[in-house]
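Listed below are the residues making up each chain.
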Amino acid sequence: MHFKRTLCCSSVLLFALSFGASTALAQESIGPRGQRATLFSGPSTRLIVKYRESGSATLSATRRQRAMDRFQRMSSARLAKIRQLANGADLIRATARMADRDVDALMAEIRKDPDVAYVERDALMQPLFTPNDPRYSDQWHYFESTAGIRMPSAWDISTGAGAVVAVLDTGYRPHPDLVGNLVGGYDFIDDTFVSVDGDGRDSDATDPGDWYTGSLCGPSAPPSANSSWHGTHVAGTIAATTNDGRGVAGVAFNATVVPVRVLGRCGGYLSDIADGVIWASGGSVPGVPSNPNPADVINMSLGGGGACGTTYQNAIDIARANGATVVVSAGNSNTNASNARPANCNGVITVAATDRNGSRAYYSNFGSTVEIAAPGGDIRGSGGVDAVLSTLNSGNTTPGSNNYEFYQGTSMAAPHVAGVAALLYSLDPSLTPTDVETILTGSARSLPGSCSGGCGAGLLDAYAAVQAVSGTPPPPPPPTPTCPAGSTTYSGSISTSGAYNLEPNGTYYFSSAGTHEGTLFGPSGADFDLRLYRWNGGGWQIVARAETASSDEDITYSGSSGYYMWMIRSFSGTGAYTFCLDRP
């Protein structure tokens, strides 16, 4: 909050902030038409008001001021104009956060003004992820045959050179595995309560942390939260440097990332995000220098509830007209994405999240507004390694050391799509946003798992997408496993890394003395092992094992008569296998 500009603000607000009350304090005031109104501590209420135009001229400054005076008489809190948005609308801030019912009543009165084209809340959007507090081999989402997006084959065709991706998020930390691909950037947060860095809009897009305590973010938010470093994680998935002997790989590791800081403590205002979208695409924003690196792709791993709204839609329309593809997260509420914005806006590529088995992740939103799905992971179980690994920072509040962490969420899914979009622009800079969406959805493959509610065209396929642009012929399919003559063929699949199946058909068999031969053909990109057990009278004993770094294993064992059983175990990865057994 801008305390220097609001000395008249209620002392109860200053008390709440100064003493860190565990719950938001409230104050009664008189609202529109004499109603009792409630004011809360925390981020202030802000409205976006667009005035009607008279012919080709916008409403005069005098009439705008008269309108503001009318709005003030209707409001329970003091109102002030902050600035004009890129789309010509005025951003108006109250001195406090008003109760929802009072905001609704005020907006209803404002809509009656004949000079007003529309009014909507300057809503706070939230980063869409579920963090874990606990490098390439851990990035299963790139290469595993079941639910990976076939990045290794795609990298043979494109690595994103020349493409620019804007990441609208919490800003960035100068992580050594990321900073080499960062350029320019801007901080669009004007409210110092949200920005935390103590200043308004400027060219410093570094992330100071978005932690908070004392229920400052309102009753619907957790009472406190550590810093997320969300933008650094998202940017790392898009363009972490690769082949540098450290850390992780980025989807478009030769692309350039422009960090656009729009999220801070408690989230980010719609007005800041909308201006950030327009600026990132090369559009003009009052009071902000032009972006020297207009984005081909804009990634928005953020969102909130409600209809898209005019401000969001206008910004997206301008970005598309400037040639930028806008990629957004579907949301993490396990509900229809039609109820989440900007996922429900027109002209965006809305991304649902999948888990390591290729099914819709338990938290991911779904529905007809989703265009495509991509790996978002699942942090539960397996020590967190079934989530998405990327660049991060260890600080709980202010920045600490650079590190890597597993996160889950549609926030982690969207940058996979944004990164692949950058690969396409690298191959053909003349592509339009419609071209990119058509290529991505047309090349997607069917989900290996299930998706109740709808996950768009299916799972992102990076190789198929870049191949569609480059015209590179696909590699021949792997040969169909053929068992040796005299063997019996068994088929199965393992859907969880670390799990196992027993063969033949989940049981054991009795055999006379002789030679047992087992041959395993496992999935590409995974590591399956093969073991042979024999019953020793008191338990099962391993008598032979084949445990190379691949999924194709072979055992030949000569033994005495007795009971035998085979185990096929996933050391890492998932997928289908063929097992050939020849026994005495």
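Note that this is a predicted model, so its numbers are computed, not measured.

1. Digging into the state of the cysteines
And step 1. One pass over the structure, following the stated rule, counts four disulfides.
And step 2. A sulfur-sulfur separation of 2.0 Å characterises the disulfide bridge that pairs Cys308 with Cys345. Negative torsions about the S-S bond denote left-handed disulfides, and the value of about 100 degrees found for Cys308 with Cys345 makes this one right-handed. Taken together, the positions of Cys308 in the loop between strand E15 (302–305) and helix H9 (310–321) and Cys345 in the loop between strand E17 (340–341) and strand E18 (349–354) put the pair 37 residues apart, joining distant regions of the chain.
And step 3. Here Cys483 connects covalently by a disulfide to Cys580, the sulfurs 1.9 Å from one another. Between Cys483 and Cys580, the S-S dihedral sits near -75 degrees, and the bridge is therefore left-handed. Of this pair, Cys483 sits in the loop between helix H12 (462–470) and strand E22 (488–494) while Cys580 is found in strand E30 (residues 575–582), placing the two residues 97 residues apart along the sequence.
And step 4. Judged by relative accessible area, Cys483 falls into the buried class, the value being 16%.
And step 5. By relative accessible area, which is 1% here, Cys580 ends up buried.

2. A closer look at the packing of aromatic side chains
And step 1. Applying the stated criterion to the full structure yields 16 aromatic pairs.
And step 2. On the numbers, 6.4 Å between centres and 35 degrees between planes, the contact of Tyr490 with Phe579 is tilted. In this pair, Tyr490 sits in strand E22 while Phe579 sits in strand E30, placing the two residues 89 residues apart along the sequence. Residues Tyr490 and Phe579 agree in their burial class; the two are buried.

3. Considering the sheet that holds strand E8 (residues 124–127)
And step 1. Across the sheet, four strands lie side by side as E13-E8-E15-E17; this open sheet has antiparallel pairing. Of all the strands in the sheet, the pair left with one neighbour each is strand E13 (268–269) and E17.
And step 2. As defined by bridge partners, E8 adjoins E15 across two bridges and the pair is classed as antiparallel. Among the inter-strand pairings, Pro127 is bridged to a residue of E15, identified as Leu302.

4. Some words on the confidence of the model for the chain
And step 1. When pLDDT is averaged along the chain, the result is 87; 89% of the residues meet or exceed 70.
And step 2. Between residues 1–39, whose pLDDT stays under 50, and residues either more than four places distant or in other chains, the model counts 89 contacts.
And step 3. Per-residue pLDDT stays below 50 along residues 129–134; that stretch engages in 17 contacts with residues further than four places along the chain or on separate chains.

Rules behind the numbers
- Residues numbered from 1 in each chain as written.
- Predicted model: local features only at pLDDT ≥ 70, side-chain atom pairs only at ≥ 80, totals over all residues.
- Heavy atoms only, no water.
- Disulfide = S-S within 2.5 Å.
- Helix = DSSP H or I, 4+ residues; strand = E, 2+ residues; numbered from the N terminus.
- Buried < 20%, exposed > 50% of the residue type's maximum accessible area, 1.4 Å probe, protein only.
- Phe/Tyr/Trp six-rings, centres within 6.5 Å; stacked < 30°, edge-to-face > 60°.
- Pairing = 2+ DSSP bridges.
- pLDDT = per-residue confidence, 0-100.
- Contact = heavy atoms within 4.5 Å.

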